[in-house]
Amino acid sequence: MRIGIDVGGTNTDAVLMDARRVLAEVKTSTTPDVTSGIVTAIAELRKASPFDPLDVQAVMIGTTHFINAIVEANRLAPTAAVRLGLPATRALPPLVGWPDHLVAAIKGEGYLCHGGNEYDGRLISHLDRDEIKRVADDIALKGIRSIAVSSVYSPANPELEVEVGDILSEHIPGVAVSLSHELGRMGLLERENATVINACLRELAGHICDGLSGALTDAGIRAPLFLSQNDGTLMDVDFARRYPVATFASGPTNSMRGAAFLSGLGDCAVIDVGGTTSDIGILQNGFPREATTEVSVSGIRTNFRMPDVLSIGIGGGSRVRLGEPTVGPDSVGYRIRQEGLVFGGDTLTATDIAVAAGIAEIGDPDLVAHLDRSLVDAVLAHMSREIASAVDRMRTSATPLPVVAVGGGNILVPDVLEGSGKVHRPEHSGVANAIGAAIAQVGGEVDRIFAVASGTRETVLDAAKQEAVDRAVAAGARPQTVQIVEVEEVPLAYLPGNVTRIRVKAVGDLVFEPALTDTGARRAH
Amino acid sequence: MPTDITLTDLPDLARGAALLGTGGGGDPYIGLLLVSEELRRGRTITLLTTDEVHDNDLVVASAFMGAPTVVVEKIPSGDEPVTALRTLEKRLGRTVDAIIPMECGGLNSMIPLLVAARAGIPIVDGDGMGRAFPELQMETFGVYGVAGSPIAICDSNGHTTVIDTGTDNKQMEWLARGVTIRMGGVSYIAEYPMTGAEVRRTAIPGTMSLALRLGRCIREAREQHQDPFEALSRALERSIYGSGRVLLEGKVIDVERRSSDGFVRGTATVSSFDGDTAVTLTFQNEHLVAHHNGRVLAIVPDLISVLDAQTANPITTESLRYGQRVKIFAMSTPAIMRSPEALEVFGPQAFGLKDPWTPVEELTSI
């Protein structure tokens, strides 16, 4: 059996699953130290469905901790960015375009060095090892403990980053090194930014991963611990220590994957209604559709693999104004149990409307009995229209797309949505996010520039696909289950010779053999 | 009167330039960052109208050449386009008085601004393409008799070369393209040295300030919850371009790209939401022609851009993908781009299209 846990800003949800069966589900409050909240959640699960901790084969956790640390500019390590590319790239040094407060929060230092590759693999300039050593001395002198290394065209030519990472590690004992080719795609600045974000989270990731592992040990669980990544796949805890940035958008991803699992739909729209917002995403082949444009995190431009999510300000705690009705975007959030009318508070919320309309049973319905039924209906109709229109904006074809409603506030989504038809509301949909964590898969991706000589396109594509499959298997996927879920080709303009950027993603089910931790899966990245 | 381009102008200018890029020319974002950094360092950019250039001034066109996808990885040192300019000056034995953009569409709207800021010389409000085109001979400067040569080319290592093909601008393009590939897929150029009088005779005037106005009107319409497409049409009617209209609103239902001879060629099909009407776009880096049931709706050199249906943000041909909700927007070109000699250089036949050129405003819409 497996345990899936979603640590959100307000709630920590947990599920116990045996293969595809949900044995128990619990909702507890998130605690500031995370660990005790998880200990509580596991204890509650055991109360709901007694199990021997040694029977747990894997624990999967989705957390918003790392993205929140960036948003709050809190608990970030002093970080240096070392870029290889001189004399090119000098016009825009590392950390360009970053908000000042974040540069200050990471005591950010940028270094430009020689090296880097051309699009065809030739060197821009030779690596200068003495230059790197001088940079290492300066970094050590400044007391910086984490370094992001980026190099021009490193997604196609990672060698220089690896070499420089080794030199830096050798010269600065104990320093953490993050390499850009492991974190991002083409687009130097966005990839470098992602690497710097990762670097400044490394220490926090160490603490959190220790805490999570400790919580499991305390609960008597010996099973491996995995964290959810943005794209719905998993990484093991040692990988998470090194690549915390990969957890950034795991929250919405887990909800969507959970919705796919619970509803049995691989292609659908998912509405996850929380306390403050409804997040709408699209599932394709059971995986969230990724955003194609650059994603800004706290004002920093990145090219993370993030799900394409549209958020609207309608949630269970959204403040409702009658008359020409409006709902949200302001919300009482986690204070709903004090401030909502049905809980004896004096703020009219979306939850109160649902209770007054008789579609939800929570709190004291007498406290909303005075509400004019026609006004209540008008608010419901308003929310229904807003949600329907948001779903419509996310739809990508004229064919009707099934809609699945999940999350604690999913009751706010009407049974029939204009333009989409009947809304699926599967069992356990309130904890879809924790289920999404529990059923996550592992993936492998290739994103590189290939020279495609005439008549060789199929051969080149096949090679890229095989490499993606191999990477998925190396990351712990059971080979028989691995399938290609995405193939994208973008020819590079203006250059002869059919130079093409090919992106392939393969995913598969996680191997659940206990031997997993011994094989070093996902450490062979 | 000369005006300054300010930090707050740049995002609007980039947006407008992406619109005039007609799907090609690259995302102006890197250029926007490059120029923003210069202005933050206290440098200034002065924009001159074509009337403000003196007859005997030496004016040179400035641009990057090559793959925009390379620029987002191999960011310039910032010196390259200035070094190209200095190299050309040395060759000509004269100091350049002002620069002019080669093309106002896409990333190349920004590179000349970088040169203006760094070299401290004014930039002329106008360009040689009025949009984006894939090749160096496709400029009104050359159409009306200015030689592109000598052209100075510089890479990020500061290596330079000068190519002189006399009055053969097509051969200049051919040789410069080869050098650019050897330089790592992107180079920075200074070309079409000409007098102020020649600028007035051959340039498309006011295109930089037009890009700025168009970009601004998209943003302001969005902020005021008005229709950005109507705002664009109104702004174009007040310009030398004359008109702009939505050909179709719908979803991208097919994109097919292939790379040949150094260009991205392909087609994209947009279908109306009810599925009844479809428009097919044919592109070679930039959109060349829009067809509906085999009938031409708009054709090069008139401008065809694909914009996000809600935000009116321009979408490049490289980032077009299945499922995007878009509006196809067509704009007429100024008269200077529609003469027989102009059409010979960048009309439909120059791109191997069979359809004859007809002004977009004379074609019936769907």
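Scoring rules and cut-offs
Per-chain numbering applies: the sequence of each chain, read as written, is numbered from 1 onward. All chains are assigned letters beginning with A, and all ligands numbers beginning with 1, in the order in which they are written. Since the coordinates come from a predicted model, pLDDT governs what is reported: local features require at least 70, and pairs of side-chain atoms require 80 or more to be given and counted, while whole-chain, interface and lining totals use all residues. Remark: hydrogens and water are excluded; side-chain values derive from all non-hydrogen atoms of the structure. Put simply, DSSP H or I for four residues or longer makes a helix, DSSP E for two residues or longer makes a strand, and each gets a number counted from the N terminus. The size measure is the radius of gyration over C-alpha atoms, and the globule rule it meets is 2.2 Å times the number of residues to the 0.38 power. Note on contacts: a residue pair is in contact if any heavy atoms of the two residues lie within 4.5 Å. The Shrake-Rupley method, run with a 1.4 Å probe, gives the accessible areas here. Residue values count only the displayed protein chains as cover. For each residue, the accessible area found with a 1.4 Å probe, counting protein chains only, is set against the maximum for its type, and the residue is called buried under 20%, exposed over 50%, and partly exposed in between. An automatic or database domain assignment provides the domain bounds reported here. By buried area we mean how much accessible surface two parts lose on assembly, using a 1.4 Å probe and totalling the loss over both. Salt bridges are counted wherever a side-chain nitrogen of Lys or Arg sits within 4 Å of a carboxyl oxygen of Asp or Glu. Whenever a nitrogen or oxygen atom comes within 3.5 Å of another N or O atom, the pair is scored as a polar contact, on the condition that within protein one atom can donate a hydrogen and the other can accept it, and that pairs from neighbouring residues in sequence are kept only if both atoms are in side chains. Residue polarity follows a fixed list, in which Ala, Val, Leu, Ile, Met, Phe, Trp, Tyr, Cys and Pro are nonpolar, Asp, Glu, Lys and Arg are charged, and the others, Gly among them, are polar. DSSP-based pairing: two strands are paired if at least 2 bridges between them are found. Axis definition: a line fitted to C-alpha atoms, limited for helices to the stretch in contact. Angles are taken between N-to-C directions and run from 0 to 180 degrees. Each Phe, Tyr or Trp ring (for Trp, its six-membered ring) is paired with any other whose centre lies within 6.5 Å, and the angle between the two planes then decides the class: stacked below 30 degrees, edge-to-face above 60, tilted in between. Here the expected length of a helix is defined as 1.5 Å per residue gap, with one fewer gap than residues. UniProt positions are given in the numbering used here, feature names are shortened, and annotations may be inferred rather than shown by experiment. Note that the term roughly parallel is reserved for angles under 35 degrees, roughly antiparallel for angles over 145, roughly perpendicular for angles of 65 to 115, and oblique for everything else. Crossing handedness: left-handed means the near helix sits turned counterclockwise from the far one by under a right angle, and right-handed means the same turn made clockwise. For every residue, the predictor assigns a confidence score, pLDDT, that lies between 0 and 100.

Turning to the overall build of chain A, a few remarks are in order. A tally of helices and strands in chain A yields 14 helices and 24 strands. For 525 residues, the compact-globule estimate of 2.2 N^0.38 gives 24 Å, and the C-alpha radius of gyration of chain A, at 24 Å, lies within 12% of that figure. Viewed in the frame of its principal axes, chain A has a C-alpha envelope of about 75 × 55 × 50 Å. Considering only residue pairs separated by 6 or more positions, chain A has 66% of its internal contacts joining residues 24 or more positions apart. For chain A, the accessible surface area stands at approximately 20,100 Å², while carbon and sulfur atoms represent 50% of it.

Scanning chain B for helices and strands turns up eleven helices and 17 strands. Taking 366 residues into account, the globule formula puts the C-alpha radius of gyration at 21 Å, and chain B, at 19 Å, falls close to it. The principal-axis extents of the C-alpha atoms in chain B amount to approximately 60 × 45 × 40 Å. Expressed as a percentage of the 366 residues in chain B, the buried residues total 65%. Long-range pairs, those at least 24 residues apart, make up 73% of the contacts in chain B with a sequence separation of at least 6.

With that settled, the discussion passes to the domain arrangement of chain A. Under the domain assignment, chain A is made up of domain 1 (79-200), domain 2 (311-432) and domain 3 (441-509). Using C-alpha coordinates to define each centre, domain 2 of chain A is positioned 42 Å away from domain 3 of chain A.

We now examine the interface of chain B and chain A. The interface is formed by 50 residues belonging to chain B together with 42 residues belonging to chain A. With both sides pooled, the region where chain B packs onto chain A buries about 3,700 Å², and carbon together with sulfur makes up 56% of that total. For B:Arg325, the salt bridge identified is with A:Asp392, shortest N-O distance 3.5 Å. At the junction of chain B and chain A, the tally comes to 13 residue pairs in polar contact (both at pLDDT 80 or more). Counting only elements with at least two residues in the side of chain B that touches chain A, the list comes to helix 2 (29-40), helix 3 (68-71), helix 7 (169-182), strand 11 (244-260) and strand 12 (263-271) of chain B. Of the residues contributing to the side of chain B that touches chain A, the split by class is 17 nonpolar, 16 polar and 17 charged.

All names here are of chain A. Tracing the backbone through its elements, the reader meets Ala 43 in helix 1 (residues 35-48). The class of Ala 43 is partly exposed, set by a relative accessible area of 38%. The sequence separation of Ala 43 and Val 26 amounts to 17 residues, and the corresponding C-alpha distance is 9.9 Å.

Moving on, we come to the environment of B:Ile218. Residue and element names in this part refer to chain B. Note that Ile 218 resides in helix 9 (residues 207-223). For Ile 218, a relative accessible area of 0% puts it in the buried group. Through-space distance from the C-alpha of Ile 218 to that of Gly 166 is 42 Å; in sequence the pair is 52 residues apart. Setting aside residues no more than four positions away along its own chain, Ile 218 makes contact with Arg 15, Pro 228, Leu 232, Thr 311 and Ala 312.

Below, the discussion takes up the sheet that holds strand 7 (residues 146-151) of chain A. Residue and element names in this part refer to chain A. The four strands are arranged 6-5-7-8 in an open sheet whose pairing can be described as parallel. The open sheet terminates on both sides in strands that have one partner only, identified here as strand 6 (109-114) and strand 8 (176-179). Geometrically, the sheet is characterised by an average inter-axis angle of 20° between neighbouring strands, direction not taken into account. Where strand 5 (residues 79-86) and strand 7 come together, six bridges link them in parallel fashion. Residue Leu 84 lies in a different strand from strand 7, and its bridge partner there is Ser 151.

Let us look at the domain arrangement of chain B. All names here are of chain B. Structurally, chain B comprises domain 1 (3-205) and domain 2 (240-355). Centre-to-centre separation of domain 1 and domain 2, based on C-alpha positions: 25 Å. Across the domain 1-domain 2 interface, the total number found is zero salt bridges. Run the count over domain 1 and domain 2 and you get nine residue pairs in polar contact (both at pLDDT 80 or more). Ranked by the residues each element gives to the side of domain 1 that touches domain 2, the list is headed by helix 1 (residues 9-20), at four residues. Residues that form the side of domain 1 that touches domain 2 fall into these classes: 13 nonpolar, ten polar and five charged.

Looking now at the packing of aromatic side chains. Residues and elements named next belong to chain B. A full pass over the atoms with the stated rule returns five aromatic pairs over all chains. Summarising the aromatic geometry, the rings of Phe 133 and Phe 346 are spaced 4.7 Å apart at their centres and angled 20° between planes, so their arrangement reads as stacked. Linking Phe 133 in the loop between strand 6 (126-127) and helix 6 (140-143) with Phe 346 in helix 11 (residues 340-346), this pair joins segments that are 213 residues apart in sequence. Look at Phe 133 and you get buried, because its relative accessible area is 2%.

Time to look at helix 2 of chain B. Taking 1.5 Å per residue, twelve residues should reach 16 Å; helix 2 of chain B reaches 16 Å between its end C-alpha atoms and fits that length. The element helix 2 of chain B is largely enclosed, with a buried count of ten among its twelve residues. Check the buried side of helix 2 of chain B and you find it contacts helix 6 (188-218) of chain A together with helix 1, helix 3 and helix 5 (111-119) of chain B. Looking one or two places after helix 2 of chain B, you find B:Gly42, whose phi comes out positive at around 95°.

Cross-referencing UniProt, the feature "domain: S-Me-THD N-terminal" (unreviewed entry) maps to residues 8-164 of chain B in the present numbering. In residues 8-164 of chain B, the share of helix is 34% and the share of strand is 18%. The end C-alpha atoms are 39 Å apart.

Moving on: the pattern of salt bridges. A full pass over the atoms with the stated rule returns 39 salt bridges over all chains. Here A:Lys47 and A:Glu44 are joined by a salt bridge, their closest N and O atoms 3.5 Å apart. On the criterion of helical spacing, the pair formed by A:Lys47 and A:Glu44 is a turn pair, its members being three residues apart in helix 1. We classify A:Lys47 as exposed; its relative accessible area is 65%. With a closest N to O distance of 3.9 Å, B:Glu249 and B:Lys327 form a salt bridge.

A word on the packing of helix 4 (residues 129-141) of chain A against helix 5 (residues 159-171) of chain A. All names here are of chain A. Look at helix 4 against helix 5: their axes get within 10 Å of each other, and the N-to-C directions meet at 45°. As judged from the angle between their axes, helix 4 and helix 5 are oblique. Crossing of helix 4 against helix 5: the hand is right-handed. Contacts between helix 4 and helix 5 pair Arg 129, Ile 132, Lys 133 and Ala 136 from the former with Glu 163, Val 164, Ile 167, Leu 168 and His 171 from the latter. Tallied by class, residues from the contact of helix 4 with helix 5 come to five nonpolar, one polar and three charged.

Attention now goes to the side chain of A:Asp308. Structurally, the position occupied by A:Asp308 is in the loop between strand 15 (300-302) and strand 16 (310-312). Its relative accessible area of 18% is what places A:Asp308 among the buried residues. In this view, A:Asp308 contacts A:Ile280, A:Gly281, A:Ile282, A:Arg289, A:Glu290, A:Ala291, A:Met394 and B:Arg321; residues no more than four positions away in its chain are not counted.

Of the residues in chain A, 93% reach a pLDDT of 70 or more, and the chain-wide mean stands at 86. Across residues 513-525 of chain A, where pLDDT falls below 50, the model places 27 contacts with residues more than four positions away in sequence or in other chains.

A few words now on the packing of helix 1 of chain B against helix 9 of chain B. All names here are of chain B. For the pair helix 1 and helix 9, interaxial distance at closest approach is 7 Å and the crossing angle is 105°. Overall, the two elements helix 1 and helix 9 adopt an arrangement that is roughly perpendicular. For the pair helix 1 and helix 9, contact is made by Asp 9, Asp 12, Leu 13, Arg 15, Gly 16, Ala 17, Leu 19 and Leu 20 and by Thr 207, Met 208, Ala 211, Leu 212, Leu 214, Gly 215, Arg 216, Ile 218, Arg 219 and Arg 222, respectively. Per-class residue counts for the contact of helix 1 with helix 9 are nine nonpolar, three polar and six charged.

Looking now at unusual backbone geometry. In this model, A:Gly328 is joined to A:Pro329 through a cis peptide bond whose omega is 0°. On the secondary structure map, A:Pro329 appears in strand 18 (residues 326-331). For the bond running from B:Ser149 to B:Pro150, omega is -10°, close enough to zero to count as cis. Tracing the chain through its elements places B:Pro150 in the loop between helix 6 and strand 7 (151-154). Of note, A:Leu95 is a non-glycine position whose phi angle comes to about 75°, a positive value. Within the fold, A:Leu95 resides in the loop between strand 5 and helix 3 (100-105). For B:Tyr192, which is not a glycine, the phi torsion comes out positive at approximately 45°. Relative to the assigned elements, B:Tyr192 resides in strand 9 (residues 186-195).

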